[in-house]
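Chains, contacts and geometry: an overview
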Amino acid sequence: MTPTQIQQFKEQMDAGCAVGIFMKTVDGAIVECAGRSGMDFCILDMEHGPVSYEGLQDLIRACECSGALPIVRVAGITEEYIGKALDLGAAGVQIPQVNDKNAAARAVEYAKFYPGGSRGVCRYVRAAEYSSKDRYEYFRDANKASIVAQVEGLEGVRNLDEIFAVPGIDVVFIGPYDLSQSLGVTGDVLHPKVVEQMELIIQKAAAAGVTVGTFVDTVEDGVRWKNLGVKYIAVSVDVGVFYTACKGIVTGLTA
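Okay, so let's go over this structure. (Residues numbered from 1 in each chain as written. Predicted model: local features only at pLDDT ≥ 70, side-chain atom pairs only at ≥ 80, totals over all residues. Heavy atoms only, no water.)

Re empty space enclosed by the protein
The cut-off we apply is this: In this analysis a 1.4 Å probe is tested at points of a 1 Å grid over the protein atoms alone, and where it fits but cannot get out there is a cavity; an open set with protein on both sides within 12 Å along at least five of seven lines is a pocket; lining residues have an atom within 4 Å of a point. Grid points are joined across faces, edges and corners, and a volume is the space filled by probe spheres set on the points. Labels follow the DSSP assignment, with helices taken as runs of H or I lasting at least four residues and strands as runs of E lasting at least two, numbered in each case from the N terminus.
Counted under the stated rule, the structure contains 1 cavity of 30 Å³ or more. Pro 176, Tyr 177, Val 189, Leu 190, Met 198, Phe 215, Val 216, Asp 217, Asp 221 and Trp 225 together form the lining of the largest cavity. Within the residue set of the lining of the largest cavity, elements represented by two or more residues are α9 (176-182), β7 (211-216) and α11 (219-227).

Things to note about the packing of helix α2 (residues 28-36) against helix α3 (residues 53-66)
The relative placement of two packed helices comes down to the angle between their axes together with the axis-to-axis distance. Quick reminder of the rule: Note on definitions: angles span 0 to 180 degrees between N-to-C directions of axes, and those axes are lines fitted to C-alpha atoms, for helices only across the stretch in contact. What sets the label is the angle itself: under 35 degrees gives roughly parallel, over 145 gives roughly antiparallel, 65 to 115 gives roughly perpendicular, and the rest give oblique. Crossing chirality is assigned from the near helix's rotation relative to the far helix, an anticlockwise turn below a right angle marking it left-handed and a clockwise turn marking it right-handed. The criterion used for residue contact is that any of the two residues' heavy atoms lie within 4.5 Å.
Where α2 meets α3, the closest approach of the two axes is 8 Å, and the angle between their N-to-C directions is 25 degrees. Considered as vectors, α2 and α3 are oriented roughly parallel to each other. Regarding α2 and α3, the two cross each other, and that crossing is right-handed. Contact with α2, carried on its side by Gly 28, Val 31, Glu 32, Gly 35 and Arg 36, involves Leu 59, Ala 62, Cys 63, Cys 65 and Ser 66 of α3 and no other residues of that element.

Overview of the environment of Asp 87
Let me state the cut-off plainly: Only protein chains enter the area calculation, which uses a 1.4 Å probe; residues under 20% of their type maximum are buried, those over 50% are exposed, and those in between are partly exposed. Counted as a polar contact is a pair of N or O atoms within 3.5 Å, where, for protein atoms, one must be capable of donating a hydrogen and the other of accepting one, and residues adjacent in sequence contribute only when both atoms are in side chains.
Mapping Asp 87 onto the fold places it in helix α4 (residues 79-87). By relative accessible area, Asp 87 is classed as buried at 19%. Separated by 55 residues in the primary sequence, Asp 87 and Ala 142 have C-alpha atoms spaced 9.2 Å apart. Residue contacts for Asp 87: discarding those within four places in its chain leaves Arg 119, Val 125, Arg 126, Ala 127 and Tyr 138. A polar contact is formed between the side chain of Asp 87 and the side chain of Arg 119, at a distance of 2.8 Å.

Notes on helix α5 (residues 101-111)
Turning to α5, its buried residues number three or more, namely Ala 103, Ala 104, Ala 107, Val 108, Tyr 110 and Ala 111. Where α5 is buried, its residues touch α4, β4 (92-95), β5 (146-151) and α8 (160-164). Measuring from the side-chain oxygen of the N-cap residue of α5 to the backbone nitrogen of Asn 102 gives 3.1 Å; that N-cap residue is Asp 100.

Some points on the environment of Asn 159
As for its placement among the helices and strands, Asn 159 is situated in the loop between α7 (154-158) and α8. When sequence neighbours within four positions are dropped, the list of residues in contact with Asn 159 reads Asn 99 and Asp 100.

Quick word on the pairing of strand β1 (residues 18-23)
Test applied: One bridge is not enough; two strands pair if DSSP finds at least two bridges between them.
When you tally the buried positions in β1, you get 5 out of 6 residues, the bulk of the element. Across 4 bridges, the pairing between β1 and strand β8 (residues 232-237) is parallel. Each residue of the ladder has a partner; that of Phe 22, found in β8, is Val 237. The pairing of β1 with strand β2 (residues 41-45) spans 4 bridges and is parallel.

Remarks on the side chain of Lys 133
Inspection of the secondary structure assignment puts Lys 133 in the loop between α5 and α6 (135-142). Polar contacts involving the side chain of Lys 133 include one to the side chain of Asp 141, which spans 3.0 Å. In contact with Lys 133, not counting residues within four places along its chain, are Ala 128, Tyr 138 and Asp 141.

As for the packing of aromatic side chains
Counted only if it meets this: In this scheme Phe, Tyr and Trp rings, the latter by its six-membered ring, pair at centre separations within 6.5 Å, and the angle between planes marks the pair as stacked below 30 degrees, edge-to-face above 60, and tilted otherwise. Charges are assigned to positions over rings by a cutoff of 6 Å between ring centre and Lys NZ or Arg CZ, combined with an angular limit of 35 degrees from the ring normal.
A complete count under the given rule lists 10 aromatic pairs for this structure. Ring centres of Tyr 138 and Phe 139 lie 5.4 Å apart, and the angle between their planes is 45 degrees; this geometry places the pair in the tilted category. The buried category is assigned to Tyr 138, whose relative accessible area is 2%. Pairwise contacts between aromatic rings join Phe 9, Phe 22, Phe 41, Phe 173, Tyr 177, Phe 215 and Tyr 232 into one cluster. Between the NZ or CZ atom of Arg 224 and the centre of the ring of Trp 225, over which it lies, the distance is 4.7 Å.

Topic: the nonpolar core
Taken as a class, soluble globular proteins show a tendency for nonpolar side chains to be buried jointly. Heads up, the condition is: Here, the term nonpolar core denotes a set of buried Ala, Val, Leu, Ile, Met, Phe, Trp, Tyr and Cys residues that are joined through side-chain atoms within 4.5 Å.
Ranked by internal contacts, the top residues of the largest apolar core, which has 60 residues, are Cys 42, Leu 44, Val 72, Ile 82 and Ile 95. Counting residues in each nonpolar core, the second largest holds 17 residues, with Phe 41, Val 171, Phe 173 and Val 237 among its members.

Below, the structure is given as C-alpha coordinates:
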(Lines give C-alpha, C1' and ligand atoms only; values in the text may rest on other atoms or scores of the structure.)
Protein backbone atom coordinates (compact mmCIF):
# COMPACT_ATOMS: atom_id res chain seq x y z
CA MET A 1 0.00 0.00 0.00
CA THR A 2 1.21 3.49 -0.81
CA PRO A 3 1.51 6.29 1.76
CA THR A 4 -1.31 8.03 -0.11
CA GLN A 5 -3.65 5.07 0.46
CA ILE A 6 -2.76 4.96 4.14
CA GLN A 7 -3.41 8.69 4.42
CA GLN A 8 -6.76 8.29 2.65
CA PHE A 9 -7.64 5.55 5.12
CA LYS A 10 -6.90 7.84 8.05
CA GLU A 11 -8.89 10.65 6.45
CA GLN A 12 -11.82 8.28 5.97
CA MET A 13 -11.84 7.56 9.69
CA ASP A 14 -11.70 11.26 10.44
CA ALA A 15 -14.68 11.89 8.16
CA GLY A 16 -16.80 8.87 9.02
CA CYS A 17 -15.99 5.23 9.63
CA ALA A 18 -13.74 2.50 8.20
CA VAL A 19 -15.21 -1.02 8.07
CA GLY A 20 -13.20 -4.24 8.12
CA ILE A 21 -13.13 -7.86 9.18
CA PHE A 22 -10.85 -10.22 11.08
CA MET A 23 -9.29 -12.96 8.93
CA LYS A 24 -8.31 -16.30 10.46
CA THR A 25 -8.12 -18.39 7.30
CA VAL A 26 -4.86 -18.73 5.39
CA ASP A 27 -6.41 -18.61 1.92
CA GLY A 28 -5.69 -15.44 -0.05
CA ALA A 29 -8.87 -15.93 -2.06
CA ILE A 30 -11.01 -15.33 1.04
CA VAL A 31 -9.05 -12.18 1.84
CA GLU A 32 -9.37 -11.01 -1.75
CA CYS A 33 -13.15 -11.60 -1.65
CA ALA A 34 -13.40 -9.39 1.43
CA GLY A 35 -11.46 -6.65 -0.32
CA ARG A 36 -13.56 -6.86 -3.47
CA SER A 37 -16.72 -6.60 -1.36
CA GLY A 38 -15.64 -3.08 -0.40
CA MET A 39 -14.12 -3.77 3.02
CA ASP A 40 -11.78 -0.93 3.91
CA PHE A 41 -9.35 -3.16 5.80
CA CYS A 42 -8.67 -6.78 6.70
CA ILE A 43 -7.09 -7.68 10.03
CA LEU A 44 -4.77 -10.60 9.30
CA ASP A 45 -4.71 -12.37 12.64
CA MET A 46 -1.41 -13.72 13.93
CA GLU A 47 -2.54 -13.66 17.56
CA HIS A 48 -5.46 -16.08 17.34
CA GLY A 49 -5.05 -17.31 13.77
CA PRO A 50 -2.80 -20.02 12.24
CA VAL A 51 -1.08 -17.89 9.59
CA SER A 52 2.71 -18.14 9.27
CA TYR A 53 5.03 -15.37 8.13
CA GLU A 54 5.51 -17.19 4.84
CA GLY A 55 1.76 -17.23 4.31
CA LEU A 56 1.28 -13.71 5.60
CA GLN A 57 2.98 -12.09 2.62
CA ASP A 58 0.45 -13.69 0.26
CA LEU A 59 -2.47 -12.53 2.40
CA ILE A 60 -1.03 -9.00 2.27
CA ARG A 61 -0.79 -9.31 -1.52
CA ALA A 62 -4.46 -10.37 -1.59
CA CYS A 63 -5.38 -7.21 0.29
CA GLU A 64 -3.33 -5.05 -2.03
CA CYS A 65 -4.81 -6.45 -5.23
CA SER A 66 -8.37 -6.03 -3.96
CA GLY A 67 -8.10 -2.59 -2.36
CA ALA A 68 -8.34 -3.50 1.34
CA LEU A 69 -5.75 -2.11 3.73
CA PRO A 70 -3.69 -5.00 5.21
CA ILE A 71 -3.59 -4.64 8.99
CA VAL A 72 -1.69 -7.39 10.82
CA ARG A 73 -2.67 -8.24 14.37
CA VAL A 74 0.62 -9.39 15.81
CA ALA A 75 0.92 -11.97 18.58
CA GLY A 76 2.42 -9.57 21.11
CA ILE A 77 4.50 -6.47 21.73
CA THR A 78 7.89 -7.59 20.51
CA GLU A 79 10.35 -6.14 18.04
CA GLU A 80 10.25 -9.38 16.03
CA TYR A 81 6.47 -9.62 15.69
CA ILE A 82 5.96 -5.97 14.78
CA GLY A 83 9.02 -5.60 12.58
CA LYS A 84 8.39 -8.75 10.53
CA ALA A 85 4.79 -7.82 9.80
CA LEU A 86 5.85 -4.39 8.57
CA ASP A 87 8.79 -5.80 6.59
CA LEU A 88 6.32 -8.00 4.69
CA GLY A 89 4.28 -4.98 3.67
CA ALA A 90 1.59 -4.54 6.32
CA ALA A 91 0.03 -1.08 6.09
CA GLY A 92 -0.50 -1.20 9.82
CA VAL A 93 -0.09 -3.33 12.91
CA GLN A 94 -2.74 -4.05 15.52
CA ILE A 95 -1.13 -4.77 18.85
CA PRO A 96 -2.82 -6.69 21.70
CA GLN A 97 -2.68 -5.94 25.41
CA VAL A 98 -1.61 -2.30 25.26
CA ASN A 99 -2.73 -1.56 28.79
CA ASP A 100 -0.31 1.11 29.97
CA LYS A 101 1.95 3.84 28.64
CA ASN A 102 5.03 1.61 28.61
CA ALA A 103 3.33 -0.92 26.36
CA ALA A 104 2.11 1.85 24.07
CA ALA A 105 5.58 3.39 23.89
CA ARG A 106 7.17 0.01 23.07
CA ALA A 107 4.65 -0.54 20.28
CA VAL A 108 5.60 2.75 18.65
CA GLU A 109 9.30 2.18 19.26
CA TYR A 110 9.24 -1.16 17.43
CA ALA A 111 7.02 0.06 14.57
CA LYS A 112 8.85 3.22 13.52
CA PHE A 113 12.29 4.08 12.23
CA TYR A 114 14.24 7.02 13.70
CA PRO A 115 13.21 9.63 14.73
CA GLY A 116 9.88 8.04 15.68
CA GLY A 117 11.38 4.81 17.01
CA SER A 118 14.16 2.28 16.64
CA ARG A 119 12.68 -0.36 14.32
CA GLY A 120 15.27 -2.77 12.92
CA VAL A 121 16.58 -1.41 9.63
CA CYS A 122 16.68 -3.49 6.44
CA ARG A 123 15.83 -2.29 2.95
CA TYR A 124 15.98 -5.72 1.31
CA VAL A 125 12.43 -6.60 2.32
CA ARG A 126 9.12 -6.77 0.53
CA ALA A 127 7.93 -3.47 2.01
CA ALA A 128 10.94 -1.77 0.40
CA GLU A 129 10.25 -3.53 -2.91
CA TYR A 130 13.28 -5.74 -2.31
CA SER A 131 15.67 -2.74 -2.44
CA SER A 132 14.28 -1.32 -5.70
CA LYS A 133 12.62 1.54 -3.82
CA ASP A 134 14.77 4.52 -2.92
CA ARG A 135 16.02 3.79 0.58
CA TYR A 136 15.28 7.23 2.02
CA GLU A 137 11.80 7.27 0.52
CA TYR A 138 11.18 3.83 2.04
CA PHE A 139 12.27 4.82 5.54
CA ARG A 140 10.16 7.98 5.36
CA ASP A 141 7.07 6.22 4.00
CA ALA A 142 7.35 3.30 6.40
CA ASN A 143 6.84 5.61 9.36
CA LYS A 144 3.33 6.38 8.07
CA ALA A 145 2.07 2.85 8.82
CA SER A 146 -0.95 2.76 11.14
CA ILE A 147 -0.55 1.63 14.74
CA VAL A 148 -3.68 0.23 16.36
CA ALA A 149 -3.39 -0.31 20.11
CA GLN A 150 -5.79 -2.78 21.70
CA VAL A 151 -7.01 -1.82 25.18
CA GLU A 152 -8.48 -5.03 26.52
CA GLY A 153 -9.19 -4.87 30.21
CA LEU A 154 -9.82 -2.72 33.25
CA GLU A 155 -6.10 -2.05 33.61
CA GLY A 156 -6.11 -0.40 30.20
CA VAL A 157 -9.25 1.56 31.00
CA ARG A 158 -7.64 2.89 34.18
CA ASN A 159 -4.58 3.95 32.19
CA LEU A 160 -6.39 5.52 29.24
CA ASP A 161 -5.11 9.03 29.77
CA GLU A 162 -1.47 7.95 29.74
CA ILE A 163 -2.02 5.70 26.71
CA PHE A 164 -3.69 8.57 24.82
CA ALA A 165 -0.67 10.75 25.58
CA VAL A 166 1.81 8.47 23.78
CA PRO A 167 2.54 9.95 20.33
CA GLY A 168 2.29 7.67 17.32
CA ILE A 169 -0.83 5.66 18.20
CA ASP A 170 -3.42 6.07 15.41
CA VAL A 171 -6.32 4.03 16.84
CA VAL A 172 -7.18 2.80 20.32
CA PHE A 173 -9.09 -0.43 19.80
CA ILE A 174 -11.51 -1.69 22.46
CA GLY A 175 -11.36 -5.49 22.80
CA PRO A 176 -14.89 -6.21 24.05
CA TYR A 177 -14.38 -9.91 24.77
CA ASP A 178 -11.28 -9.41 26.91
CA LEU A 179 -13.00 -6.46 28.55
CA SER A 180 -15.99 -8.66 29.39
CA GLN A 181 -13.67 -11.19 31.02
CA SER A 182 -11.98 -8.53 33.15
CA LEU A 183 -15.44 -7.43 34.32
CA GLY A 184 -16.44 -10.96 35.32
CA VAL A 185 -19.01 -11.46 32.55
CA THR A 186 -16.90 -13.45 30.09
CA GLY A 187 -18.33 -13.45 26.58
CA ASP A 188 -21.30 -11.18 27.33
CA VAL A 189 -20.10 -8.21 25.30
CA LEU A 190 -23.52 -6.54 25.49
CA HIS A 191 -23.66 -6.70 29.29
CA PRO A 192 -24.38 -3.28 30.85
CA LYS A 193 -21.00 -3.36 32.62
CA VAL A 194 -19.17 -3.81 29.30
CA VAL A 195 -21.27 -1.23 27.48
CA GLU A 196 -20.69 1.29 30.28
CA GLN A 197 -16.91 0.89 30.08
CA MET A 198 -16.89 1.08 26.29
CA GLU A 199 -18.95 4.26 26.33
CA LEU A 200 -16.53 5.71 28.90
CA ILE A 201 -13.57 4.93 26.62
CA ILE A 202 -15.31 6.55 23.65
CA GLN A 203 -16.11 9.68 25.63
CA LYS A 204 -12.56 10.02 26.95
CA ALA A 205 -11.10 9.41 23.49
CA ALA A 206 -13.33 12.05 21.95
CA ALA A 207 -12.21 14.57 24.55
CA ALA A 208 -8.56 13.71 23.82
CA GLY A 209 -9.00 13.73 20.03
CA VAL A 210 -8.16 10.01 19.75
CA THR A 211 -9.70 7.65 17.17
CA VAL A 212 -11.50 4.63 18.65
CA GLY A 213 -12.05 1.20 17.12
CA THR A 214 -13.80 -1.96 18.24
CA PHE A 215 -14.97 -5.43 17.26
CA VAL A 216 -18.63 -6.34 16.82
CA ASP A 217 -20.40 -9.60 16.09
CA THR A 218 -23.18 -8.08 14.00
CA VAL A 219 -23.81 -5.18 11.64
CA GLU A 220 -26.51 -3.92 14.00
CA ASP A 221 -23.98 -3.64 16.83
CA GLY A 222 -21.59 -1.93 14.45
CA VAL A 223 -24.17 0.71 13.56
CA ARG A 224 -24.79 1.37 17.26
CA TRP A 225 -21.11 1.97 18.02
CA LYS A 226 -20.61 3.95 14.82
CA ASN A 227 -23.38 6.30 15.92
CA LEU A 228 -21.60 6.74 19.25
CA GLY A 229 -18.39 7.81 17.54
CA VAL A 230 -16.38 4.65 16.81
CA LYS A 231 -14.37 5.16 13.60
CA TYR A 232 -12.68 1.79 13.02
CA ILE A 233 -15.05 -1.17 13.17
CA ALA A 234 -14.14 -4.81 12.61
CA VAL A 235 -17.33 -6.76 11.93
CA SER A 236 -17.06 -10.45 12.83
CA VAL A 237 -14.52 -12.96 11.52
CA ASP A 238 -14.25 -14.66 8.15
CA VAL A 239 -14.87 -18.16 9.54
CA GLY A 240 -17.85 -16.91 11.56
CA VAL A 241 -19.38 -15.20 8.54
CA PHE A 242 -18.93 -18.38 6.47
CA TYR A 243 -20.43 -20.55 9.22
CA THR A 244 -23.46 -18.29 9.57
CA ALA A 245 -24.05 -18.30 5.82
CA CYS A 246 -23.75 -22.10 5.64
CA LYS A 247 -26.02 -22.55 8.65
CA GLY A 248 -28.62 -20.32 7.03
CA ILE A 249 -28.58 -22.47 3.89
CA VAL A 250 -28.99 -25.69 5.88
CA THR A 251 -31.76 -24.25 8.03
CA GLY A 252 -33.57 -22.84 5.03
CA LEU A 253 -33.59 -26.14 3.17
CA THR A 254 -34.33 -28.47 6.08
CA ALA A 255 -36.91 -26.49 8.03
